[in-house]
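# Observations on the three-dimensional arrangement
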Amino acid sequence: VQVRVTREFEAEYRSWFGQYGWQYGLLLGRIDEDSIDVIAYIPAPLDVSNAADAHRTKDINEINKYLKTLDAEWLAQHVDLISRGLPGGLDVVGYALYCPSSFNAMPKLKDAVNAITGKNVTITNLLNMHQPVKPAHRVALHVCATSKKIAFKTLACNDPKAAFKSCTETVSGSLSDWTPLNTAVSVQAFVSTVNQTRSSLLKELQPQLKTMSNATVLLDDIVLQGDYPVDVPANPAVRIMLPLMAPPTTVATAVVNGSLAISALCPPNSTGSQLAAAIVQDMMRSMLARVVVAGEAALDCTDTQSPSVDMFPQRLLMTLSNGLALTDYCFEDEWKDQASLIDKLSELLSQPILKSDISLLEKPCPKAAHGEVGIKSAQAKTGPTPADQAMPAWLVLALVVTILAVVMACYL
């Protein structure tokens, strides 16, 4: 498996020497059948007042203390939170660890990489089930602060007994070479609000995800498909054609209905099929994140209440210092309290986020009926069934006799 890194990412991990005592976090990029692109690094958040100072320590006891707090269960949850903010075409592809040689790095890296595709029902795992190319490998970056040795290794997915394998690493291009694709899609999804947990909410969405995975993507009215590179124009018109989704027959259902902002980022020389897959992946990922939040909000309501439409999360855009644009979701009242929102995002990404770095991709809307994004609680009405609503047999017979009599009278 070949690992390709951007010039920006190579400059970042080489800048750790002398500046920090340790680093630990996620690698973002794209996985293909026989290659992995790594374009960015997101440090794991620490429960401290100043993460930068904590990363500067070279005390091995302090480093051990920090790394012990990042167990496999926490790592899987963190991967899920970061994954939902990635544009289509990008995934969490692995972990990086920079530390002194006295720290036993490889077991920690192996636990972290395995945690990305664990057995838990997560947004990451559900998306993998519906991707055309399922990830076969993840990547680990080990940077030794003592010897300054840099090593990329790959690990087979879903095999706890697999060992790291050495791989070749090349610097290939810049983040600016990647193509952003943005559009909007009108979708409707349904989720039961009866006796649900977060895990069962995600499981219930699988049939709807399968329907979404069959969407047709058009670029300037041309269907994106095939294995040949597509030359994307500067301002392409992207459209998504979705198959119809039938509502479930559950008693209580949260309905997500409206126009969703879609964002994807694709490497140079992407084929038509790869571009389409990135767009569809973002649509499914965004819908999963929204329905989970909306469903959890609906679970907190009593039978006589329904979630307000302004409780549905809107998608926001945030630009990081390395130039990568990620997204997240916030409620309308959170957007109004931007100071608290910025603090939350800064903690999640373990780096300063400024007010000028964030913007809404979708305007908060007070009513779902206006065609914007919203959530409403739909109670299935208990009324007569179609059989109950059919006309009685005696009435049907009377109508037939009457019609025949009129026709015969006219004929005579």
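Relevant structure appears above.
Values in this document were obtained by computation on a predicted structure and should not be read as measured data.

## Examining the environment of Leu-67
Of note, Leu-67 is situated in helix 3 (residues 60-68). Among the residues examined, Leu-67 registers a relative accessible area of 1% and is labelled buried. Measuring from C-alpha to C-alpha, the distance between Leu-67 and Leu-46 comes to 9.4 Å, with 21 residues separating the pair along the chain. Beyond its immediate stretch of four places on either side in the chain, Leu-67 contacts Trp-22, Tyr-24, Leu-97, Phe-103 and Lys-108.

## Topic: unusual backbone geometry
Despite not being glycine, Lys-148 has its phi angle at roughly 60°, a positive value. Along the chain, Lys-148 turns up in the loop between strand 5 (137-144) and strand 6 (150-156).

## Side note on the pattern of salt bridges
Going through the model one piece at a time under the given rule, you end up with 11 salt bridges. Asp-37 is the partner of Arg-30 in a salt bridge, and the nearest nitrogen-oxygen pair spans 4.0 Å. Relative accessible area serves as the criterion here: at 13%, Arg-30 is assigned to the buried category. Two residues, Arg-239 and Asp-221, come together in a salt bridge whose shortest N-O distance is 3.0 Å. Of this pair, Arg-239 sits in strand 12 (residues 238-241) while Asp-221 sits in the loop between strand 10 (216-219) and strand 11 (222-223), placing them 18 residues apart in sequence.

## Let's talk about the packing of helix 4 (residues 72-83) against helix 5 (residues 105-116)
Two numbers describe how helix 4 lies on helix 5: the axes approach to 8 Å, and their chain directions differ by 45°. Looking at the two axes, helix 4 sits oblique to helix 5. Relative to helix 5, helix 4 is oriented so that their crossing is right-handed. For the pair formed by helix 4 and helix 5, the contact residues are Ala-72, Leu-75, Ala-76 and Val-79 on the first element and Ala-112, Ala-115 and Ile-116 on the second. Broken down by class, the residue content of the contact of helix 4 with helix 5 amounts to 7 nonpolar, no polar and no charged.

Conventions used here
- Residues numbered from 1 in each chain as written.
- Predicted model: local features only at pLDDT ≥ 70, side-chain atom pairs only at ≥ 80, totals over all residues.
- Heavy atoms only, no water.
- Helix = DSSP H or I, 4+ residues; strand = E, 2+ residues; numbered from the N terminus.
- Buried < 20%, exposed > 50% of the residue type's maximum accessible area, 1.4 Å probe, protein only.
- Contact = heavy atoms within 4.5 Å.
- Salt bridge = Lys/Arg side-chain N within 4 Å of Asp/Glu carboxyl O.
- Axes fitted to C-alpha atoms, helices over the stretch in contact; angles between N-to-C directions.
- Parallel < 35°, antiparallel > 145°, perpendicular 65-115°, else oblique.
- Left-handed = near helix turned anticlockwise from the far one by under 90°.
- Nonpolar A, V, L, I, M, F, W, Y, C, P; charged D, E, K, R; others polar.

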